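# Remarks on the overall topology
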Amino acid sequence: HELDSTSVKLSWSKEVAETRAREAERLHSIDDQNRSSLSNLLRAVEASKSDARDSSRAAQTEARLRAEVNSLREQRDKAISDIAEYRRKLSLIENELRIEKSKLNRAMQ
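An account of the accompanying structure is given in this report. (Residues numbered from 1 in each chain as written. Predicted model: local features only at pLDDT ≥ 70, side-chain atom pairs only at ≥ 80, totals over all residues. Heavy atoms only, no water.)

Scanning the model with the defined rule gives ten salt bridges in all. Here E46 makes a salt bridge to K49, at a shortest N to O gap of 3.4 Å. Residue E46 and its partner K49 are both found in helix α1 (residues 2-108); the two are separated by three residues, about one turn of the helix. Among the residues examined, E46 registers a relative accessible area of 43% and is labelled partly exposed. R64 is the salt-bridge partner of E68, the closest N and O atoms lying 3.0 Å from each other. Taken together, the positions of E68 and R64, both in helix α1 and four residues apart, correspond to about one turn of that helix. Here E68 falls in the partly exposed class, since its relative accessible area comes to 38%. Judged by its relative accessible area of 43%, R64 falls in the partly exposed class. (Salt bridge = Lys/Arg side-chain N within 4 Å of Asp/Glu carboxyl O. Helix = DSSP H or I, 4+ residues; strand = E, 2+ residues; numbered from the N terminus. Buried < 20%, exposed > 50% of the residue type's maximum accessible area, 1.4 Å probe, protein only.)

Written as structure tokens, this is what we have:
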């Protein structure tokens, strides 16, 4: 009877050990999955950070280019205005020159 009792205890202990081993394997598997998920999340966060930096750089570049375009437009508009003013002055000078030539021709006749 004592041998049967020991055999039952040994069998039960064996089952408990196997159950605990399966549970340990399941927990290790879950741990590996969690580590993999965490690693994927960290990669996604780093990619997101990189995208945000790139987006920020692009926005800064766009703002700088817009400022340059506005500055160039102002310079162009001033140049167009200056050309118009110089043309008016040239026209006045040409008229004065014609008048002076005309006066000179009359005076020489």
